[in-house]
Amino acid sequence: ALLFITVYTADGFYEFVESSCVFNSTKLDDIEFIKSYYYNKLEYTRFSSSVGKYVGYTEYGVRNAEYWNNLPGELSRMRNEKERYCLINVGNDHEAAL
């Protein structure tokens with residue numbers, strides 16, 4: 001018996017969120033936390049700890065940024081991610097690189 005397997009990928013939509021830490025040293029002041037929101041490979045909103053707020057890059061992203069920037073406690077929560085998420089991981093990566 002001959003078996004044919006057909007894989008069909010429908011044209012769909014792809015959304016993802018990426019969190020990253022950019023650093024030059026293990027000092028907290030030298031670390032930047034970035035959280036980017038993408039839709040079909042196009043970044044539409046970003047939080048950067050250097051800027052301290054969300055920034056939108058598309059019409060939809062600007063609306064998201066305005067909403068999230070005005071949520072009580074959201075900006076302080078995201079600013080704390082630099083210490084919570086980045087500091088320990090940067091320390092581990094820095095040690096592994098050495």
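The sections below set out a description of the structure shown in this document. In this text, all values refer to a predicted model and were calculated from it rather than measured experimentally.

### Focus: the state of the cysteines
Inspection of the entire model under this criterion finds one disulfide. Disulfide partner of C21: C86, at an S-S distance of 2.1 Å. Between C21 and C86, the S-S dihedral sits near -85 degrees, and the bridge is therefore left-handed. Taken together, the residues C21 in strand β1 (residues 15-23) and C86 in helix α2 (residues 74-97) connect sequence positions 65 residues apart.

### A short note on the pattern of salt bridges
Close approach of charged atoms allows side chains with opposite charge to pair. Taken as a whole and assessed by the stated rule, the structure comprises four salt bridges. Two residues, E59 and R63, come together in a salt bridge whose shortest N-O distance is 3.5 Å. Within this pair, E59 and its partner R63 are both found in helix α1 (residues 59-69), separated by four residues, close to a single helical turn. On the basis of relative accessible area, R63 is assigned to the partly exposed category, the value being 46%. Between E74 and R77 there is a salt bridge, with the nearest N and O atoms lying 2.9 Å from each other. Taken together, the positions of E74 and R77, both in helix α2 and three residues apart, correspond to about one turn of that helix. What makes R77 partly exposed here is its relative accessible area of 41%.

Criteria and thresholds
- Residues numbered from 1 in each chain as written.
- Predicted model: local features only at pLDDT ≥ 70, side-chain atom pairs only at ≥ 80, totals over all residues.
- Heavy atoms only, no water.
- Disulfide = S-S within 2.5 Å.
- Helix = DSSP H or I, 4+ residues; strand = E, 2+ residues; numbered from the N terminus.
- Salt bridge = Lys/Arg side-chain N within 4 Å of Asp/Glu carboxyl O.
- Buried < 20%, exposed > 50% of the residue type's maximum accessible area, 1.4 Å probe, protein only.

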